[in-house]
Amino acid sequence: MSWFYALFGQIIFFLKPLIHLLYPDLCIHCKRELTAKRPYLCYTCLLDLELIKWQRKQTYNQVFQAIQSTSVVQICALYRFRDSAPIQTLLHELKYRHNSRLGAYFGTVLGLQFQEENATVFAQALIPVPIHPRKRFDRGYNQSELIANGVSRIICVPVKTNLIKKAFNTKTQTKLSKKGRAQNIRGSFRISDDIVNYQAVAIVDDVITTGATINAICEALLEKNANLQITIFSLALAQSV
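Treat the numbers as computed from the prediction; the structure is a model and nothing was measured.

Rules used throughout
- Residues numbered from 1 in each chain as written.
- Predicted model: local features only at pLDDT ≥ 70, side-chain atom pairs only at ≥ 80, totals over all residues.
- Heavy atoms only, no water.
- Pairing = 2+ DSSP bridges.
- Helix = DSSP H or I, 4+ residues; strand = E, 2+ residues; numbered from the N terminus.
- Axes fitted to C-alpha atoms, helices over the stretch in contact; angles between N-to-C directions.
- Contact = heavy atoms within 4.5 Å.
- Buried < 20%, exposed > 50% of the residue type's maximum accessible area, 1.4 Å probe, protein only.
- Right-handed = clockwise from strand over helix to strand, strands pointing away.

> When you look at the sheet that holds strand β6 (residues 229-238) in this model, what are you seeing that I'm missing?
Sheet strands pair via backbone hydrogen bonds, and the direction of the pair is either parallel or antiparallel. Overall, parallel pairing links the four strands, which are arranged β1-β6-β5-β2 in an open sheet. Every interior strand has two partners, whereas the edge strands, β1 (72-81) and β2 (126-128), have only one. With direction set aside, neighbouring strand axes in the sheet form an average angle of 20°. Taken together, the three bridges between β2 and strand β5 (residues 200-208) define a ladder with parallel strand orientation. Looking at the pairing, Ile127 lines up with Ile203 of β5. Sitting on the sheet, helix α7 (residues 143-155) is in contact with β2, β5 and β6, with an inclination near 130° to β5. Sheet strands touched by helix α9 (residues 212-224): β1, β5 and β6. Its angle to β5, the strand with the most contacts, is close to 160°.

> What is the right way to look at the pairing of β5 in this model?
With nine of nine residues buried, β5 is to be regarded as a mostly interior element. Pairing geometry for β5 and β6, over eight bridges, is parallel. Within the sheet, the bridge partner assigned to Val207 lies in β6 and is Ala236. The handedness of the β5 to β6 crossover, carried by α9, is right-handed.

Right, dumping it as structure tokens:
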């Protein structure tokens, strides 16, 4: 049957321009028509994404200060988060509009950025920030896991979802203060005993706002394995970090 799938693939390849003509994809932010080769965001909205790499040293230093853990050895992030900007729409689509393809796509972009920074891969596992099973059921997926899968394709580090679990279905962090976020998330993660078999891991998140979630995860990990080295991957960083 391999010939059938090959033929089907060829038919789809040739029909794709026609499909796009009849049912054009729209930019998820401004709703303009996209070109067939440019997914999710139009050229104008892509230009409006504020790349971290232009202020990498300053931004990463801010994150190191916010996380306050000497075990975090490196950070890689793509965009600055801004309200009402394309990055907010992108994250909203990923988390609440069931647009799961966004996660893997921008995860690969994040992995490519890591390579561009010529960073050394210390991690033996990529650990997505976990969500509670009830929230995962409602959403259909964990957006951080999708991003981690994209990063994994580029840097060839396996994704491990069994090392950290979310024990409590905490309320959303969106409208909480920095202190409130830390109190809300503290003690909500459970770490597998298998973490002692690792020397270095990477935590993968969609957006870091105050660093409260990452801090809580780092604390929980280090309680089980005090010598663990930690890398942070995040699609976006808030201005408040």
